[in-house]
Amino acid sequence: MKKYSVGILGATGHVGQCFVLLLQDHPWFDIKVLMASPRSQRKTYEEAVGDKWRMDEPMPEAVKAMLVRGTDEIGLLQEEVDFVFSAVDMEKDALIQLEEAIAKAEIPVVSNNSAMRWTPDVPLIIPEINPDHSHLIKAQRKRLNTKRGFIVAKPNCSIQSYVPAL
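Conventions we followed
Residues numbered from 1 in each chain as written. Predicted model: local features only at pLDDT ≥ 70, side-chain atom pairs only at ≥ 80, totals over all residues. Heavy atoms only, no water. Phe/Tyr/Trp six-rings, centres within 6.5 Å; stacked < 30°, edge-to-face > 60°. Buried < 20%, exposed > 50% of the residue type's maximum accessible area, 1.4 Å probe, protein only. pLDDT = per-residue confidence, 0-100. Helix = DSSP H or I, 4+ residues; strand = E, 2+ residues; numbered from the N terminus. Right-handed = clockwise from strand over helix to strand, strands pointing away. Pairing = 2+ DSSP bridges.

1. Things to note about the packing of aromatic side chains
Scanning the entire structure with this criterion turns up 7 aromatic pairs. Between tryptophan 28 and phenylalanine 29, the ring centres sit 6.3 Å apart and the planes meet at 80°, which makes this aromatic pair edge-to-face. Given the relative accessible area of 43%, tryptophan 28 is considered partly exposed. An aromatic cluster of three or more residues is present, and its members are Tyr4, Phe19, Trp28, Phe29, Phe83 and Phe85.

Rendered as structure tokens:
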């Protein structure tokens with residue numbers, strides 16, 4: 001089975017750290033790129049996170065020495081990742097610009113952020129409930145003028161927990 005190469009945007013923050021733990025040793029995904037703010041750029045992941053590791057489990061050895069890329073290095077992603085998980089914490093308009101720039105670079109974005117939740121052509125996907133909403137990607141690609149790049153977002157944390165049970 002093919003493993004997908006992924007990047008984590010906002011990798012040094014709390015949600016980014018959760019992504020690191022969830023994706024370590026995953027059978028489908030291989031973490032290739034860790035991205036964060038320019039203050040973390042060119043540091044190892046361990047240096048960039050420093051004493052702000054918030055997880056109960058220790059930082060995985062496989063990512064400690066990875067160099068963190070800045071959010072201004074989108075162009076370098078195209079050859080390295082199949083898609084990006086976005087967990088970046090920034091102002092809404094800047095976040096929308098960043099995620100759309102990544103999608104326009106033909107890199108799919110799976111966003112954990114709320115900024116795009118009200119964008120009509122960005123599907124909020126709960127795979128067990130509404131996989132058919134992925135048809136919105138076609139309209140989004142037309143708006144963004146992309147062939148491969150797009151953005152999907154996860155719904156609000158509370159909603160995604162309750163809806164499958166309902």
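2. Some thoughts on the confidence of the model for the chain
Looking at the chain as a whole, its pLDDT mean stands at 91, while 93% of the residues score no less than 70. Averaged over each element, pLDDT in the chain is lowest for helix 6 (residues 157-162) (58) and highest for helix 2 (residues 45-49) (98).

3. Comments concerning the environment of alanine 101
If you trace the backbone, alanine 101 turns up in helix 4 (residues 92-104). Spatially, the C-alpha atom of alanine 101 lies 9.4 Å from that of glycine 149, the residues being 48 residues apart in sequence.

4. Looking at the pairing of strand 1 (residues 4-9)
Of all 6 residues that make up strand 1, 5 are buried, and the element is covered over most of its length. The parallel pair strand 1 and strand 2 (residues 29-36) is bridged by helix 1 (residues 14-23), and the resulting crossover is right-handed. The pairing of strand 1 with strand 4 (residues 83-86) spans 4 bridges and is parallel. When the bridges of strand 4 are listed, valine 6 appears paired with phenylalanine 83.

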